[in-house]
Amino acid sequence: MKSCIRQLAAKATFAALIASTVHAEEVGKVDVDWLGNDIIIEAFADPKVDGITCHVAYFDRGVIDRLQKGDWFEDPSNSSISCRQTGPITMGDIDTSEEGESVFSERRSVIWKSLNVRRIYDSDNKALIYISHARDVQNGSAKMSLSTVPLYLEE
């Protein structure tokens, strides 16, 4: 039992360490039914690329829905993203590897699941790719959303 508790504590600590420090601001909320379920829309600026703002939408379950379904601690993995140039683009020291880097992370359950946004640099097409997806310790999800921002940088 103690081993299981230690493992859970270690996983929670790891999840907290990998979470991004980027702050998202709620800019919209759409009521979808009488159970209190909502679609939340948040905006955040790319922390290493000035002039780009991303908007992420996700489903937020209400209390009645949580009680009815019995899954109190978790929201669905669905999300959508749209990123646009909102000012002059200035690129900082970004990760240009194939895997890119995390630019935003937000918990979607108490311990296991988070909503993540990664930035990938497509040098051949001079674009930044932003992908939102759920990250889960055990059960990965194929649900994702993609947005690209073209770069017209002088070289």
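An account of the accompanying structure is given in this report. (Residues numbered from 1 in each chain as written. Predicted model: local features only at pLDDT ≥ 70, side-chain atom pairs only at ≥ 80, totals over all residues. Heavy atoms only, no water.)

Looking now at the overall build of the chain. Summing up its helical and strand segments, the chain has two helices and eight strands in all. Start at the N end of the chain and walk to the C end: the helices and strands fall as α-β-β-β-α-β-β-β-β-β. A total of 155 residues make up the chain; the buried ones form 35% of that total. Here the contacts in the chain between residues at least 6 apart in sequence split such that 48% fall between residues at least 24 apart. Working note: accessible area of the chain is about 9,600 Å², and carbon and sulfur atoms make up 54% of it. (Helix = DSSP H or I, 4+ residues; strand = E, 2+ residues; numbered from the N terminus. Buried < 20%, exposed > 50% of the residue type's maximum accessible area, 1.4 Å probe, protein only. Contact = heavy atoms within 4.5 Å. Areas by Shrake-Rupley, 256 points an atom, 1.4 Å probe, with all protein chains shown as cover.)

Before going further, it helps to spend a moment on a nonpolar patch on the surface. Side chains of Val30, Val32 and Ile39 sit close together on the surface and give an oily, nonpolar patch of about 190 Å² of accessible area. With respect to the helices and strands, valine 32 occurs in the loop between strand S1 (25–31) and strand S2 (38–45). (Patch = residues over 30% accessible without salt bridge, like charges linked within 9 Å, V, L, I, M, F, W, Y side chains within 5 Å. Salt bridge = Lys/Arg side-chain N within 4 Å of Asp/Glu carboxyl O.)

A positive phi is found at lysine 126, a non-glycine position, where the angle reads about 50°. Looking at where lysine 126 falls in the secondary structure, it is placed in the loop between strand S6 (113–122) and strand S7 (127–136).

Moving on, we get to the pattern of salt bridges. Here the structure, examined in full by the defined rule, presents five salt bridges. Linking aspartate 38 and lysine 29 is a salt bridge whose minimum nitrogen-to-oxygen distance equals 3.7 Å. You can call lysine 29 exposed: its relative accessible area is 53%. Beyond isolated ion pairs, a larger network of salt bridges with shared partners links Asp46, Lys48, Glu101 and Arg119.

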